[in-house]
Amino acid sequence: MLPRLDQIPKKLYLGLQMVTKNKFSTRCVHEGEIKDTMYQGIVSPLFMSTTYPWFGGDSETKPYPRYFNTPNQEFLSKKIASLENGEKALIFTSGMAAISTSIMANVKSGDHIIFQDDLYGGTRNFIQTEFDKFGIEYSFTNSLDPKSFSDEIKDNTVGIYVETPSNPLLKIVDLKSVSSIAKEKGIWTMIDNTFASPVNQNPIDHGIDIVIHSATKYLGGHSDISAGAVISSELRIEKILNSAKNFGGNLSDYTVWLLERSMKTLLIRVKEQTNNAKILAKMLDENTNISRVYYPGLESHPSHELAKSQMNDFGAMMSFDLNKNVDVYDFLKSLKIIKPGMSLAGVETTVNFPMKTSHGLMTQEERDIQGIGDKLIRLSVGIESYEDLYEDLDQAIKLSIK
Ligand SMILES: *Cc1c(COP(=O)(O)O)cnc(C)c1O
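Cut-offs and rules
Residues numbered from 1 in each chain as written. Predicted model: local features only at pLDDT ≥ 70, side-chain atom pairs only at ≥ 80, totals over all residues. Heavy atoms only, no water. Buried < 20%, exposed > 50% of the residue type's maximum accessible area, 1.4 Å probe, protein only. Helix = DSSP H or I, 4+ residues; strand = E, 2+ residues; numbered from the N terminus. Pairing = 2+ DSSP bridges. Contact = heavy atoms within 4.5 Å. Core = buried A, V, L, I, M, F, W, Y, C linked by side-chain atoms within 4.5 Å. Domains from an automatic or database assignment. Patch = residues over 30% accessible without salt bridge, like charges linked within 9 Å, V, L, I, M, F, W, Y side chains within 5 Å. Areas by Shrake-Rupley, 256 points an atom, 1.4 Å probe, with all protein chains shown as cover. Salt bridge = Lys/Arg side-chain N within 4 Å of Asp/Glu carboxyl O. Lys, Arg positive; Asp, Glu negative; His and termini not counted. Charge placed at Lys NZ, Arg CZ, Asp CG, Glu CD. Phe/Tyr/Trp six-rings, centres within 6.5 Å; stacked < 30°, edge-to-face > 60°. Lys NZ or Arg CZ within 6 Å of the ring centre and 35° of its normal. Axes fitted to C-alpha atoms, helices over the stretch in contact; angles between N-to-C directions.

**Student:** Account for the pairing of strand S7 (residues 228-232), with residues named and values stated.
**Tutor:** The side chains of a regular strand alternate, residue by residue, between the two faces of the sheet. Where burial is concerned, most of S7 is hidden: five out of the five residues are buried. Bridge analysis of strand S6 (residues 210-214) against S7 gives four bridges, and the strand direction is antiparallel. Looking across to S7, one finds that Ile212 is bridged to Val230.

Quick look at the structure:
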């Protein structure tokens, strides 16, 4: 008689790859891959089943998509956790599902959370439209200085949420200082690490408790997958998982499989994007039709030294202010290679106009406070030749001077 599935250690029938100490590039390719024990194929098999035998053991430990424990979810989450130096991870259907679930799992009515002032628009909207309904208190910091975070701490504060580098001005939060402020008070810290990606910043190494990614961005990297992820200690992931089962934001196994495919090239993509960005930032900084470039890799960036100390490299996102005499709409229309795009981080370079898109719902005054001007362009650098990219930007600017 054949043994029942629950009598065979999972490790054997799935060909479990144990968590390794391999280098980052090797982990991108191999960590958490599922061995094809039937045909010895090179890539992870895709298990689309939503139902498994109920007999034996605890029904909660049986694979089921909404328990975040189907084979493909479970194994890709090992890769993601390992790339962020965390113990465990969960994969969600979007970045916002990861953000909202992780926050709601760690707060209750009457609690207070501190958020940094510059936040992804969707996160800000989530806070401002949902928190009041549940009696959750919040404050936004006055600046990104560590003191601004400690100034907001109240008796009922349970956590601090940061996002660095920030959107769209690439401002930097001091992770070590913020995490030690939180540790002193016994409260949690959470970071949206989307802009840096695990290649360029690993916040757990700086004492941050919970790391979130919109995997729609660098982890996916080809502008064709919507996904999110959260990485933390085993204990904290267990707590988030308990809420996640109720909110139901698991990613379909087919998309999980595609995400694994994308993540094999995470390092080479983001490395190339970052190298392009470093060169382009310097070239744009010298362009007399651009009044200012915002990129943490430039020595002129106010937090350049801080970025250097806590990031592995400076990332591939930047923004710049066009001179007053350059028409933004003419500029956007004149680009030939670079495409306008709301989102970011794909292998193809895209531009965004924050005043009309991500920050379009803010008042002029709110934008002025954050320094988001009406000539500000955000650039997500891809893997094309930086020479072609510069040429494209420069010719479009020249055609748009009034
Ligand atoms: C896109 C983005 C999100 C939201 O992710 P979705 O996958 O669109 O839900 C959150 N944070 C940052 C910084 C982002 O860029």
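**Student:** Requested: an account of the side chain of Ser400, with residues and values cited.
**Tutor:** Relative to the helices and strands, Ser400 resides in the segment after helix H15 (386-399). Once residues lying within four places of it in the same chain are set aside, the contact partners of Ser400 are Asn325, Val326, Asp327, Asp330, Phe331 and Ser334.

**Student:** How would you sum up the nonpolar core? Please name residues and give values.
**Tutor:** Ranked by internal contacts, the top residues of the largest apolar core, which has 75 residues, are Leu259, Met318, Phe320 and Phe331. Shared between two domains, this core takes at least three residues from each, and those domains are domain 1 (28-263) and domain 2 (266-399). Once residues within four sequence positions are removed from consideration, Phe320 is found in contact with Leu284, Ile290, Arg292, Val293, Tyr294, Phe331, Lys375, Leu376, Ile377, Leu379 and Leu393. Formed by 29 residues, the second largest nonpolar core is a distinct cluster that contains Ala97, Phe131, Ile136 and Trp188.

**Student:** Talk me through a negative patch on the surface; I want residue IDs and the actual numbers.
**Tutor:** Residues Glu365, Glu366, Asp368 and Asp374 make up a contiguous surface patch of negative charge. Examined against the element boundaries, Asp374 turns out to sit in the loop between helix H14 (364-370) and strand S12 (376-380).

**Student:** Residues and numbers for the packing of aromatic side chains, please.
**Tutor:** Tallied over the full model, the rule gives ten aromatic pairs. Aromatic side chains Phe131 and Tyr138 sit 5.7 Å apart centroid to centroid with 75° between the ring planes, which places their arrangement in the edge-to-face category. A relative accessible area of 26% places Tyr138 in the partly exposed class. Taken together, the ring pairs connect Phe115, Phe126, Phe131, Tyr138, Phe140 and Tyr161 into an aromatic cluster. Directly above the aromatic system of Phe75 lies the positively charged group of Lys78, at a separation of 5.5 Å from the ring centroid. The ring centre of Tyr67 lies 5.3 Å from the NZ or CZ of Lys245, which sits over that ring.

**Student:** Explain the sheet that holds strand S1 (residues 88-92) to me, and be specific about the residues and the numbers.
**Tutor:** With respect to topology, seven strands assemble into an open sheet ordered S1-S7-S6-S5-S4-S2-S3, the strand pairing being mixed. In this open sheet, the two edge strands, each paired with only one partner strand, are S1 and strand S3 (137-140). When the angles between neighbouring strand axes are averaged without regard to direction, this sheet yields 20°. Looking at chain direction, S1 and S7 are connected through five bridges and run antiparallel.

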